[in-house]
Amino acid sequence: MKCPYCAFDDSKVVDSRPSEEGTMIRRRRECNRCNKRFTTYERIENIPLIVVKKGGQRTAFDKNKIFNGMIKACEKRPVPIDAIKTVVDDLERSLYQSEMKEVPSSLIGEQVMVALKSMDQVAYVRFASVYRQFKDVASFMDELERLISEKQTEGGHETV
């Protein structure tokens, strides 16, 4: 492993430990030339996952896009960042475990909406308004009415 300080290509492992639920190994290394320490991470190489968009375009799966979209939807809402990170990590894990090589973006969007609906209904409506591309106030109101009727059938008295 090349040292980030002096670019010498020989280092020794000082400490190794699992991290992120055992899906990655964190290694502390020491450069054999300058003796400075640095950290590296080792993880299993995943088979690339391709997202098929509505228009048929294909792009590589990027969990940061999901994370950023959820952050934007949850802005100024009482949703912990760790909860968002957990949802994104769980979604990524389930997509890779499905062994699908190509995943429709609609599947990902629907799973994000299900997660947001249980986390924060305002964040859910924000995400849905962008994801479903509401064309006017009436389509937005339809979604709100559906959300309210679901809440009432669950016995809740919470409003959006």
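Residues numbered from 1 in each chain as written. Predicted model: local features only at pLDDT ≥ 70, side-chain atom pairs only at ≥ 80, totals over all residues. Heavy atoms only, no water.

Trainee: With reference to specific residues and values, describe helix 1 (residues 63-73).
Mentor: Among the residues of helix 1, those classed as buried are Ile66, Met70 and Ala73. For helix 1, the angular spread of the buried residues around the axis is 60°, confining them to a single face. In this fold, the buried residues of helix 1 make contact with helix 2 (81-97), helix 3 (105-119) and helix 4 (121-131). The N-cap of helix 1, judged by a side-chain oxygen 3.0 Å from the amide nitrogen of Asn64 a few residues on, is Asp62. (Buried < 20%, exposed > 50% of the residue type's maximum accessible area, 1.4 Å probe, protein only. Helix = DSSP H or I, 4+ residues; strand = E, 2+ residues; numbered from the N terminus. Arc of directions from axis to C-beta. Contact = heavy atoms within 4.5 Å. Polar contact = N/O pair within 3.5 Å; in protein donor to acceptor, adjacent residues only side chain to side chain.)

Trainee: Go over unusual backbone geometry, please, and point to the residues and values.
Mentor: Backbone geometry at Lys76 places phi at a positive 60°, although glycine is not the residue there. Mapped onto the elements, Lys76 comes out in the loop between helix 1 and helix 2. For Glu99, which is not a glycine, the phi torsion comes out positive at approximately 60°. Relative to the assigned elements, Glu99 resides in the loop between helix 2 and strand 6 (102-104).

Trainee: Before we move on, can you summarise the pairing of strand 3 (residues 37-43) with the specific residues and values?
Mentor: Where strand 2 (residues 24-31) lies against strand 3, seven bridges are found, and the strand directions are antiparallel. Counterpart to Arg27 in the pairing with strand 3 is Thr40. The turn joining strand 2 and strand 3, which pair antiparallel and follow one another in sequence, is formed by five residues; a positive phi near 65° is taken by Asn35. (Pairing = 2+ DSSP bridges.)

Trainee: Can you tell me about the packing of helix 3 against helix 4, naming the residues and giving the values?
Mentor: Packing of helix 3 against helix 4 leaves a shortest axis separation of 7 Å and a crossing angle of 160°. As summarised for this structure, helix 3 and helix 4 are arranged roughly antiparallel, according to the angle between their axes. For the pair helix 3 and helix 4, the crossing hand works out as left-handed. Contacts from Ser105, Ser106, Gly109, Glu110, Val112, Met113, Leu116, Lys117 and Met119 in helix 3 reach Gln121, Ala123, Tyr124, Phe127, Ala128 and Tyr131 in helix 4. The residue inventory of the contact of helix 3 with helix 4, partitioned by class, reads nine nonpolar, four polar and two charged. (Axes fitted to C-alpha atoms, helices over the stretch in contact; angles between N-to-C directions. Parallel < 35°, antiparallel > 145°, perpendicular 65-115°, else oblique. Left-handed = near helix turned anticlockwise from the far one by under 90°. Nonpolar A, V, L, I, M, F, W, Y, C, P; charged D, E, K, R; others polar.)

Trainee: Describe the sheet that holds strand 1 (residues 11-19), and please don't skip the residues or the numbers.
Mentor: Ordered in space as 1-2-3, the three strands form an open sheet in which the pairing is antiparallel. Across the chains shown, the open sheet's two edge strands, defined by having one partner strand only, are strand 1 and strand 3. Direction aside, the axes of adjacent strands within the sheet are offset by 25° on average.

Trainee: Could you give an account of the sheet that holds strand 5 (residues 58-60), naming the residues involved and the relevant values?
Mentor: Strand order in the open sheet formed by three strands is 5-4-6, with mixed pairing between adjacent strands. Looking at which strands have only one partner, the edges of the open sheet turn out to be strand 5 and strand 6. Across the sheet, the mean angle separating the axes of adjacent strands is 35° when strand polarity is ignored. Here strand 4 (residues 50-52) pairs with strand 6 via three bridges, running parallel. The residue of strand 6 that forms the bridge with Val51 is Val103.

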